[in-house]
Amino acid sequence: MAKWEAKHEAPEPLEGPVVATITGGTILWFVLFLVQVPFYGWFDDRDLTWWVWTCLAGGGLGIIGIWYVRKRDAAIKRHAAEREAAGHEGARNTEV
């Protein structure tokens with residue numbers, strides 16, 4: 001069997017308002033859960049309660065996602081600040 005080889009380079013990852021996106025999605029999952037709770041009996045009669053619990057699970061996992069992307073964003077900013085400080089330090093040493 002022949003080895004698969006990529007035909008082109010992988011694209012750069014998209015960067016954007018990741019924390020806001022994950023927070024918005026988490027809020028949406030919780031809103032969907034709260035909208036479905038009053039109709040739990042209807043879902044139960046049709047054996048569709050997994051819809052309700054899926055929304056709750058999505059909200060719970062979204063909370064973990066918010067924690068993760070906030071830590072990631074802080075680490076990226078901290079690394080950029082350290083790199084900038086090291087760059088200024090190196091520029092100052094070469095001027096002496």
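Above this note sits the structure.
Since the structure is predicted, the reported quantities are computational estimates derived from the model, not experimental observations. (Residues numbered from 1 in each chain as written. Predicted model: local features only at pLDDT ≥ 70, side-chain atom pairs only at ≥ 80, totals over all residues. Heavy atoms only, no water.)

(A) View of the pattern of salt bridges. Counted under the stated rule, the structure contains two salt bridges. One salt bridge in this structure joins Glu15 and Arg72, with 3.3 Å as the shortest N-O distance. Of this pair, Glu15 sits in the segment before helix 1 (18–36) while Arg72 sits in helix 3 (residues 49–95); the two residues are 57 residues apart in sequence, bridging distant segments of the chain. Judged by relative accessible area, which is 31%, Arg72 ranks as partly exposed. The closest approach of N and O atoms between Asp73 and Lys77, which form a salt bridge, is 3.3 Å. Taken together, the residues Asp73 and Lys77, both in helix 3 and four residues apart, mark about one turn of the helix. When its relative accessible area of 31% is taken as the criterion, Asp73 is described as partly exposed. According to the relative accessible area criterion, Lys77 is exposed, its value standing at 54%. (Salt bridge = Lys/Arg side-chain N within 4 Å of Asp/Glu carboxyl O. Helix = DSSP H or I, 4+ residues; strand = E, 2+ residues; numbered from the N terminus. Buried < 20%, exposed > 50% of the residue type's maximum accessible area, 1.4 Å probe, protein only.)

(B) Region of the structure containing a nonpolar patch on the surface. A cluster of nonpolar side chains, contributed by Leu61, Ile64, Trp67 and Tyr68, occupies part of the molecular surface with about 510 Å² of accessible area. Turning to its location among the elements, Tyr68 is positioned in helix 3. (Patch = residues over 30% accessible without salt bridge, like charges linked within 9 Å, V, L, I, M, F, W, Y side chains within 5 Å. Areas by Shrake-Rupley, 256 points an atom, 1.4 Å probe, with all protein chains shown as cover.)

(C) Structural detail: the environment of Thr54. Looking at the element boundaries, Thr54 is found in helix 3. According to the relative accessible area criterion, Thr54 is partly exposed, its value standing at 36%.

(D) Structural context of the side chain of Thr49. Among the structural elements, Thr49 can be located in helix 3. Beyond its immediate sequence surroundings of up to four residues, Thr49 is in contact with Tyr40, Phe43 and Asp44. (Contact = heavy atoms within 4.5 Å.)

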